[in-house]
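Structural overview
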Amino acid sequence: MTTIAEERVLKRFLEFHMKPDKMLCFYGLDLEAKAPALNSLVDKECLVREKFAGAFSLTLKGYRHMRQFA
């Protein structure tokens, strides 16, 4: 089950036509506001936290889940 906040994060990846293993960066207030959803999606193995601060990549599972919102 996906929360509304998690759905918004996945829609952001969709907006940028992200594929698995491609990095998307969040910063500033956007990162702060989305941090709980980003962390939850990492826990659900839909996203991977990258070494660069605020950077996340979709997993294959996350990509499939994101495509539901297309």
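Analysis parameters
For every chain, the first residue of the written sequence is number 1, and numbering continues from 1 onward in sequence order. For a predicted model such as this one, the threshold for reporting local features is a pLDDT of at least 70, and the threshold for listing and counting side-chain atom pairs is 80 or more; totals across whole chains, interfaces and linings nevertheless cover every residue. For the side-chain quantities, the full set of heavy atoms in the structure was used; hydrogens and water were omitted. In this description, strands pair whenever DSSP reports at least two bridges between them. To qualify as a helix, a DSSP run of H or I must reach at least 4 residues; to qualify as a strand, a run of E must reach at least 2; elements of each kind are numbered from the N terminus. An axis is simply a line fitted to the C-alpha atoms; with a helix, the fit covers only the stretch in contact. Between two such axes, the angle follows the N-to-C directions and lies from 0 to 180 degrees. A contact between two residues is defined here by any heavy atoms of the two lying within 4.5 Å. Here a Phe, Tyr or Trp ring, Trp counted by its six-membered ring, pairs with any other such ring whose centre lies within 6.5 Å, and the pair is stacked when the planes are under 30 degrees apart, edge-to-face when over 60, and tilted otherwise. Residue burial is assigned from relative accessible area. The probe radius is 1.4 Å, only protein chains are included, and a residue is buried under 20% of its type maximum, exposed over 50%, and partly exposed in between.

Right, let's get into the sheet that holds strand β1 (residues 23–25). The 3 strands lie next to each other as β1-β3-β2, forming an open sheet whose pairing is antiparallel. Each edge of the open sheet carries a strand with a single partner, namely β1 and β2 (47–49). Between one strand axis and the next, the sheet turns through 35° on average, direction left out of account. Bridge count between β1 and strand β3 (residues 55–58): 3 bridges; the pairing is antiparallel. Directly across from M23, in β3, lies its bridge partner S57. Along the sheet face, helix α1 (residues 4–15) touches β1, β2 and β3 and points at about 80° away from the line of β3. Strands β2 and β3 of the sheet are contacted by helix α2 (residues 28–43), whose axis makes an angle of about 115° with β2.

Below, the discussion takes up unusual backbone geometry. The backbone of D21 sits at a positive phi, close to 70°, despite the residue not being glycine. The topology assignment puts D21 in the loop between α1 and β1. In this structure, E45 is a non-glycine residue whose phi angle is positive, near 65°. Along the chain, the position of E45 falls in the loop between α2 and β2.

Here we take up the packing of aromatic side chains. Counting across every chain of the model gives 2 aromatic pairs. Relative to F26, the ring of F13 lies with its centre 5.9 Å away and its plane at 50°, an arrangement referred to as tilted. Taken together, the residues F13 in helix α1 and F26 in the loop between β1 and α2 connect sequence positions 13 residues apart. Here the two residues F13 and F26 agree in accessibility, since each one is buried. Ring centres of F26 and F56 lie 6.2 Å apart, and the angle between their planes is 70°; this geometry places the pair in the edge-to-face category. Here F56 lies in strand β3 and F26 lies in the loop between β1 and α2, a separation of 30 residues in the sequence.

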